[in-house]
Amino acid sequence: MNEGQVSNDPLHGKTLAFIMEQLVERYGWEELARRIRINCFAINPSVKSSLTFLRRTPWARQKVENLYIRTKW
């Protein structure tokens, strides 16, 4: 991308940690677990354990990123 251009990617510049913190703040763990069926959201959830799982599980990370994109901020 050239200088002065703006990315159309809604995830541009956002870390997975930032995305998770925003989603937890917005929905809470219970609602996140309901929207995305991942055990690390339902059983003893934490941002740290979720990040570990999401970084090594591409399909789960994709679901989290898609929810972030669909969420109206």
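Keep in mind the model is a prediction, meaning the values are calculated, not measured. Here the residue index of a chain counts from 1 through its sequence in written order. At least 70 in pLDDT is required for a residue's local features to be given in this predicted model, at least 80 for side-chain atom pairs to be given and counted, and no such filter applies to totals for whole chains, interfaces and linings, which use all residues. Excluding hydrogens and water, the side-chain values take into account all heavy atoms of the structure.

A few words now on the packing of aromatic side chains. Side-chain rings of Phe, Tyr and Trp, where Trp is taken by its six-membered ring, are said to pair if the distance between their centres is within 6.5 Å; with planes under 30 degrees apart they count as stacked, over 60 as edge-to-face, and otherwise as tilted. The full count for this structure, using the stated rule, is two aromatic pairs. When the ring of Trp 29 is compared with that of Phe 41, the centres are 5.8 Å apart and the planes differ by 50 degrees; the resulting orientation is tilted. Pair noted here: Trp 29 is in helix H1 (residues 16-35) and Phe 41 is in helix H2 (residues 39-42), with a separation of 12 residues, a long-range link. Neither residue differs from the other here; Trp 29 and Phe 41 are each classed as buried. An angle of 85 degrees between the planes, with centres 6.4 Å apart, marks the rings of Phe 53 and Trp 59 as edge-to-face. Relative accessible area serves as the criterion here: at 21%, Phe 53 is assigned to the partly exposed category. Helix numbers and strand numbers start at the N terminus; a helix is a DSSP run of H or I with at least 4 residues, a strand a run of E with at least 2. A 1.4 Å probe rolled over the protein chains alone gives each residue an accessible area, and that area as a share of the maximum for its type sets the label: buried under 20%, exposed over 50%, partly exposed in between.

Before going further, it helps to spend a moment on the confidence of the model for the protein chain. The quantity called pLDDT is the predictor's confidence in a given residue, expressed from 0 to 100. For the protein chain, per-residue confidence averages 94 on the pLDDT scale, and 95% of positions sit at 70 or higher. Mean pLDDT across the secondary structure elements of the protein chain bottoms out at H2, with 96, and peaks at H1, with 98.

Every helix has an expected span of 1.5 Å times one less than the residues it contains. Taking 1.5 Å per residue as the helical rise, H1 with its 20 residues ought to reach 28 Å, whereas the 18 Å between its terminal C-alpha atoms falls clearly short. Taking the largest bend as the criterion, H1 deviates by roughly 95 degrees, centred on Gly 28. Within the sequence span of H1, burial applies to Leu 16, Ala 17, Ile 19, Met 20, Leu 23, Val 24, Tyr 27, Trp 29, Leu 32 and Ala 33. Considering only its buried residues, H1 is in contact with H2, helix H3 (47-55) and helix H4 (58-70). Consider a residue and the seven residues that end there alongside the seven that start there; fitting an axis to each set, the bend is the angle between those axes. Whether two residues touch is decided by their heavy atoms; if any such pair falls within 4.5 Å, the residues are in contact.

Attention now moves to the packing of H1 against H3. Where H1 contacts H3, the axes come no closer than 11 Å and their chain directions differ by 125 degrees. Here H1 lies oblique to H3, going by the angle between them. As H1 runs across H3, the sense of the crossing is right-handed. Of the residues in H3, those in contact with Leu 16, Ala 17, Met 20, Glu 21, Val 24 and Trp 29 of H1 are Val 47, Ser 50, Leu 51, Leu 54 and Arg 55. Residue polarity is assigned by list, with Asp, Glu, Lys and Arg as charged and Ala, Val, Leu, Ile, Met, Phe, Trp, Tyr, Cys and Pro as nonpolar; anything else, Gly included, falls into the polar class. Residues of the contact of H1 with H3, tallied by class, amount to eight nonpolar, one polar and two charged. Axis lines are fitted through C-alpha atoms, for helices just across the contact stretch, and the angle between N-to-C directions can take any value from 0 to 180 degrees. Under this scheme an angle from 65 to 115 degrees is roughly perpendicular, one under 35 degrees roughly parallel, and one over 145 degrees roughly antiparallel; angles in between are oblique. Handedness of a crossing is defined here by the sense of rotation of the near helix relative to the far one, left-handed for an anticlockwise turn of less than a right angle and right-handed for a clockwise turn.

We now examine the nonpolar core. Buried Ala, Val, Leu, Ile, Met, Phe, Trp, Tyr and Cys residues that are joined via side-chain atoms within 4.5 Å together make up what is termed a nonpolar core. Met 20, Leu 23, Leu 32, Ile 38, Phe 41, Leu 54 and Val 64 are the most contacted members of the largest nonpolar core, which has 21 residues in total. With 10 residues, the top contributor of residues to this core is H1. Sequence-distant contacts of Leu 32, defined by excluding residues within four places in its chain, comprise Met 20, Leu 23, Val 24, Tyr 27, Phe 41 and Leu 67.

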